[in-house]
Amino acid sequence: MDIDLRRKLDRITDTLGVGGVTNPITYIEQISYLIYLKLLDEEESQRELRARLIGEQENIRLLFPQQTERYRWSKWRFKSGIDLRDFIRDEVFPYMANSLIKDEPKVAEYFRDAVLEISDPNVLKTVVDELDTLELNKLGQDIKGDIYEYLLTHLGQSALNGQFRTPKQIRWFMVEMVDPDLGDTICDLAMGTGGFLIESLNYILAKYSESPHEIPIYGEDWLEKQGKSVETAKQENPNLQTYYKGNGDKLTDWNLLEASIYGFDVSRQMLRIAVMNLVLHGVRNAQVKLANILSNLGGLNEEDLQRRYKVLLANPPFVGTLSKDSIREDLPTHSKKSELLFLAAMMKCLAEGGRCAVVVPEGLLVGLTQAHIDLRKQLLTDFELLAVVSLPVGVFKPYTGVKTAVLVFRKPVDISEQSLMKKDSENRVQQVWFYEVKNDGFDPDKIRGSGRPETPKLNDIPQLLCDWKSYKESRFKNPPGVKAGTLLAAGAVEPRCWWVDLETIAENGYNLAAGRYKPQVAETVSNEEPAELIRELLQIEQEINTGLERLLKEVES
């Protein structure tokens, strides 16, 4: 994203901040309303052009037919003052929410209950004028996506209902480990801003691109500041985490990709932000919904309850409990804790052969309540737990310092015939692979601006993904690293990964904390003679006694 566009966005957010709209979640929502209105106006222009070209004006459905044309951005953007504010608030928003229900239900749903919270007419006029200079239809899909990604960085110090944005370096490695593909149904049960859905989309587009290009996890702007190519930066720093981006020119069915993206969130505000995030990345028809995935009364219909997904990704809220009466009865736990309920929901919603990566608090891995133990046991017996990735304590700062981990698991295909069941049993993964990420490419102790400073030389994630690739290629039969309980020779490098057989984990109460099984490095044995060590100790003791006697004399004198 070029610097002029970034400055324009900064001016818009600064103007809103000075104008009293200071909460980043609120001003991103307000900007989203206005961007959507401008996008729809540009789309209307394209529909009109298409109607003129093919000469079938009657067959082209317009968003703003006849008298309603006055609600188009291009018709009211010249207004100013109170007239502008009142027109948008009292006429444009109601039209979008109430008059498009039949023809454009997704647009109507987006503007349902929408409230214009920019009360200062001059602030509103400034924001409208700045947005008006953006010709969104001429910007590439990647640029529009970057615009919104940049705005979302303003959420760096904000959280809503215990939710906060998962850092990109974590989102990307989780997506890479579950490896979504075209045709997979992809879902985030607590999607927030839709970050996991966008990363999955980008991952698939790169996979289906003729010439995907590699980008540092810190972004292309960071690379420009370094004055280096990505190849040079990686040669100088093998720990630099990168990802691939592409235009999806080899993709055979865009509609299939759009239709396979699902998401749920309990907050309408976050739902709107997620929808705009998807729209600006080119996804207008994702299946996202306002609903509480944990509750019988949370807005889920029978189809939602029965649907299963091939790929699940989430960083759900860790805190809180639900009333027993409102919890879904079909979840494989009787706990009221949200952290257990979300994991249970993901286990319930995963399709046979599906893959899941979810962030969980360390407490879920070691909890001693029967509900904790039972759910972990189910995870090991009914599913295949492929990896437990221990994350550093500061990874979610400044939101929280809670210790967390990522669970990666898949659901085996159900085979009913006895002979096939035996074969399936032999093929099942017989161990759990643990990986300890001590550094994620950002300083765990410092906060600068809205986040942590980059530390590209300190990042264990590239090696994690390299080891994961090797493990996956062995069909999860040859885990990298050493077996738990191994005593490594003195002076050996502290291991980053190790593996534990299922029997050992069962014997440990299904405890899944990485540290419990970490192989130890033997201490170096001193080569000094015992008699010499004793003489040194006597000498030290004599010096202490001499010092104490001198101190006693000074006190008594």
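Residues numbered from 1 in each chain as written. Predicted model: local features only at pLDDT ≥ 70, side-chain atom pairs only at ≥ 80, totals over all residues. Heavy atoms only, no water.

## Some remarks on the overall build of the protein chain
Step number 1: In terms of helices and strands, the protein chain carries 21 helices and 16 strands.
Step number 2: By principal-axis analysis of the C-alpha atoms, the protein chain measures approximately 100 × 80 × 55 Å.
Step number 3: Split into buried and exposed, the 557 residues of the protein chain put 50% on the buried side.
Step number 4: Taking the intrachain contacts of the protein chain between residues at least 6 apart in sequence as the baseline, contacts between residues at least 24 apart amount to 75%.
Step number 5: Computed over 69 positive and 85 negative side-chain charges, the separation of the two mean positions in the protein chain equals 3 Å. (Helix = DSSP H or I, 4+ residues; strand = E, 2+ residues; numbered from the N terminus. Buried < 20%, exposed > 50% of the residue type's maximum accessible area, 1.4 Å probe, protein only. Contact = heavy atoms within 4.5 Å. Lys, Arg positive; Asp, Glu negative; His and termini not counted. Charge placed at Lys NZ, Arg CZ, Asp CG, Glu CD.)

## Remarks on the pairing of strand β8 (residues 384–390)
Step number 1: Of all the seven residues making up β8, seven are buried; the element is thus mostly covered by neighbouring parts of the structure.
Step number 2: Two strands pair when backbone bridges link them, and β8 and strand β9 (residues 404–410) are joined in this way by six bridges, in the antiparallel orientation. Pairing of Val388 across the sheet is with Leu407, part of β9.
Step number 3: In this sheet, strand β10 (residues 431–436) lies alongside β8 in parallel orientation, the contact comprising four bridges. When the bridges of β10 are listed, Val389 appears paired with Tyr435. (Pairing = 2+ DSSP bridges.)

## Focus: the nonpolar core
Step number 1: Met96, Phe111 and Phe173 are the most contacted members of the largest nonpolar core, which totals 114 residues.
Step number 2: Apart from the residues lying within four places of it in its own chain, the contact partners of Phe111 are Tyr33, Tyr36, Leu37, Phe93, Met96, Ala97 and Arg272.
Step number 3: If you look at the next biggest cluster of nonpolar residues, it comprises 49 residues, including Ala291, Phe342, Leu385 and Val388. (Core = buried A, V, L, I, M, F, W, Y, C linked by side-chain atoms within 4.5 Å.)

## Thoughts on helix α1 (residues 3–18)
Step number 1: Helix length check: α1, at 16 residues, gives a terminal C-alpha distance of 22 Å against a target of 22 Å (1.5 Å per residue), a fit within 8%.
Step number 2: Within the sequence span of α1, burial applies to Leu5, Lys8, Leu9, Ile12, Thr13 and Leu16. Projected down its long axis, α1 carries its buried residues within an arc of 125 degrees, all on one side. Exposed residues on α1 whose side chains face more than 90 degrees from its buried face are Ile3, Asp4, Asp14 and Val18.
Step number 3: Of the residues flanking the end of α1, it is Gly20, one or two places downstream, whose phi is positive at about 100 degrees. (Expected span 1.5 Å × (residues − 1). Arc of directions from axis to C-beta.)

## Quick word on empty space enclosed by the protein
In this approach the atoms are scanned with a rolling probe the size of a water molecule, which exposes any empty space left behind.
Step number 1: Counted under the stated rule, the structure contains three cavities of 30 Å³ or more.
Step number 2: Each pocket or cavity is described by its volume, and for the second largest cavity that value is around 40 Å³.
Step number 3: Looking at the second largest cavity, the residues that line it are Pro316, Phe318, Glu339, Phe342, Leu343, Val358, Val359, Val360, Pro361 and Leu364.
Step number 4: Elements represented by at least two residues in the lining of the second largest cavity include exactly α15 (338–349) and β7 (350–361).
Step number 5: Broken down by element, the residue count for the lining of the second largest cavity peaks at four residues, all from β7.
Step number 6: Classifying every residue of the lining of the second largest cavity gives nine nonpolar, no polar and one charged. (1 Å grid on protein atoms, 1.4 Å probe; cavity = no way out; pocket = protein on both sides within 12 Å on 5 of 7 lines; lining within 4 Å. Points joined across faces, edges and corners; volume = space filled by probe spheres on them. Nonpolar A, V, L, I, M, F, W, Y, C, P; charged D, E, K, R; others polar.)

## So, the pattern of salt bridges
In a structure, side chains of opposite charge can pair up when their charged atoms sit close to one another.
Step number 1: The full count for this structure, using the stated rule, is 42 salt bridges.
Step number 2: Residue Arg272 pairs with Glu29 through a salt bridge whose shortest N-O separation is 3.1 Å. Of this pair, Arg272 sits in helix α13 (residues 268–280) while Glu29 is found in helix α2 (residues 24–54), placing the two residues 243 residues apart along the sequence.
Step number 3: Note that Glu384 and Arg410 form a salt bridge whose closest N and O atoms lie 2.6 Å from each other. (Salt bridge = Lys/Arg side-chain N within 4 Å of Asp/Glu carboxyl O.)

## Structural notes on unusual backbone geometry
With the exception of glycine, most residues fall at negative phi, and the peptide bonds are largely trans.
Step number 1: Phi at Arg475 takes a positive value of approximately 60 degrees, unusual for a residue other than glycine.
Step number 2: Along the polypeptide, Arg475 turns up in the loop between α19 (461–473) and β13 (482–483).
Step number 3: Even without being glycine, Phe476 reaches a positive phi, approximately 60 degrees.
Step number 4: The residue Phe476 is located in the loop between α19 and β13 in this model.

## Re the packing of helix α8 (residues 168–178) against helix α9 (residues 195–207)
Step number 1: Running from N to C, α8 and α9 cross one another at 55 degrees; their axes reach a closest spacing of 9 Å. On the basis of the axis angle, α8 is oblique to α9. Of the two elements, α8 crosses α9, and the hand of that crossing is right-handed. Here Lys168, Arg171, Trp172, Met174, Val175 and Glu176 of α8 lie close against α9, whose contacting residues are Gly195, Phe196, Glu199, Ser200, Asn202 and Tyr203. (Axes fitted to C-alpha atoms, helices over the stretch in contact; angles between N-to-C directions. Parallel < 35°, antiparallel > 145°, perpendicular 65-115°, else oblique. Left-handed = near helix turned anticlockwise from the far one by under 90°.)

## Observations regarding a nonpolar patch on the surface
Step number 1: Together, Leu537, Ile540, Ile544, Leu548, Leu551 and Val555 make up a nonpolar patch on the protein surface, roughly 600 Å² of accessible area in all.
Step number 2: Take Ile544: it is sitting in helix α21 (residues 530–556).
Step number 3: On the basis of relative accessible area, Ile544 is assigned to the partly exposed category, the value being 48%. (Patch = residues over 30% accessible without salt bridge, like charges linked within 9 Å, V, L, I, M, F, W, Y side chains within 5 Å. Areas by Shrake-Rupley, 256 points an atom, 1.4 Å probe, with all protein chains shown as cover.)

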